[in-house]
Every structure is written in structure tokens, then in C-alpha cells.
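# Structural characterization, general
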Amino acid sequence: MAPIVVMGVSGSGKSTVGAALAQRLRVPFADADDFHPPANIAKMTAGHALDDDDRRPWLDSIGEWLAAHADGGVMSCSALKHVYRDQLREHCANVEFLHLAGTPEVIGRRQASRPGHFMPASLLASQFETLEPLAPDEHGVDVNVDQDIDSIIDEYVALTQREL
């Protein structure tokens, strides 16, 4: 089984869905937020978006985790740009993506219910501006987040014909 990256903008439910999917698949789970160096967290907490230089070493460490779990694992990671997903594939060519898709309104409501998270709601618009949809050459599917967690996972399993 290939490792899976649950991707999307902040507030889309990556960590919650990722943890539930990993539990259902009986594989390890990791949250990319835990891989950020302190400088990145401080920058985001101050309301500043990360740039590609900030993300490069962070994505490398995530890619290394995926490579170490090439036989199965789930990572929650924004992976908003195709080039970021390319960087992950440099470490683990068979990685698959589950894009948690939703409108800015739906994601904004979800994000508002997460007090204390280091990504302020003010950066949501920049995340949508940065988001590049999965391309035909990428192994992955889009699932709408405007449903409960079990339904999201059920839809993912059906779309990928994954054995549980």
C-alpha cells in the first residue's frame, strides 16, 4: 500500500481525516504541522505566510517520513502547489494524495471552530490563492469536505478501490 498525503487548505480537516483514515487502514499517521521548525510556526503565528524557502526543508522532512513509510502511512500536509507535491514525490515516488476540497465559506466556518491553532483565519484567502488542484499526472482524488469524517473516508476508499 502506498503512503497517502491528506492535503488541502488550513481548516479543511487534514489532521482529523488523516488520523481517522490511518486508523481505518491500520497504518502510522503523522501531521506535517509537527515537522515545522519553530521559525515557521512563529512566522505563521504572526500572520505571515510561509514562502517557498521556508517550506523547502519542511517538505524534505515530510518526504523522508513518507519514504520511511513507503509500505503504508498517512501524512496530513497542505501540499498546496504541484511543485510541493513534486518535492514529496522526489522522496517517495508512489505517494498518493487525498485532496480535501471545499469552498472558502465552508472551510472558513470549519476554521473558525478551531481556537488556538497557529494558522490564523486571515491567511485562508492566501491559501486558496496558492492552491493548485491535483493534475492528471498526479495519483490522487478530490473529496468534498462538507460531509462527516466517515463519509469522507468511505468516498475516498470507493474512489481508490482501496481494500480495508
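For the structure itself, consult the block above.
Residues numbered from 1 in each chain as written. Predicted model: local features only at pLDDT ≥ 70, side-chain atom pairs only at ≥ 80, totals over all residues. Heavy atoms only, no water.

### Considerations on unusual backbone geometry
One non-glycine residue with positive phi stands out, namely Arg26, at about 60°. Counting through the fold element by element, Arg26 comes out in the loop between helix H1 (14–25) and strand S2 (29–31). A positive phi is found at Ala79, a non-glycine position, where the angle reads about 40°. Among the structural elements, Ala79 can be located in the loop between strand S3 (74–76) and helix H4 (82–91). (Helix = DSSP H or I, 4+ residues; strand = E, 2+ residues; numbered from the N terminus.)

### Here we look at the environment of Asn40
With respect to the helices, strands and loops of the structure, Asn40 is situated in helix H2 (residues 38–45). Residue classification places Asn40 among the buried residues on the basis of a relative accessible area of 4%. For the pair Asn40 and Asp51, spaced eleven residues apart in the sequence, the C-alpha separation amounts to 9.6 Å. Asn40 has contacts with Leu50, Asp54 and Trp58, leaving out every residue within four places of it along the chain. A polar contact is formed between the side chain of Asn40 and the side chain of His36, at a distance of 3.2 Å. (Buried < 20%, exposed > 50% of the residue type's maximum accessible area, 1.4 Å probe, protein only. Contact = heavy atoms within 4.5 Å. Polar contact = N/O pair within 3.5 Å; in protein donor to acceptor, adjacent residues only side chain to side chain.)

### Topic: the pairing of strand S5 (residues 140–144)
One face of the sheet, then the other: side chains in a regular strand alternate in exactly this way. On S5, burial follows the alternation: Val141 and Val143 on one face are buried, whereas Gly140, Asp142 and Asn144 on the facing-out side are not. Note that strand S4 (residues 96–101) and S5 share five bridges and pair parallel. When the sheet's bridge partners are listed, Ala101 is paired in S5 with Asn144. (Pairing = 2+ DSSP bridges.)

### Focus: the sheet that holds strand S1 (residues 4–7)
Strand order in this open sheet of five strands is S2-S3-S1-S4-S5, and the pairing throughout is parallel. Each end of this open sheet is capped by a strand with a single partner; those strands are S2 and S5. Each adjacent strand pair in this sheet contributes to an overall mean axis angle of 20°, direction not counted. Bridge analysis of S2 against S3 gives three bridges, and the strand direction is parallel. Each residue of the ladder has a partner; that of Ala30, found in S3, is Met75. Contacts from H1 reach S1, S2, S3 and S4 within the one sheet, and its direction differs from that of S1 by about 155°. (Axes fitted to C-alpha atoms, helices over the stretch in contact; angles between N-to-C directions.)

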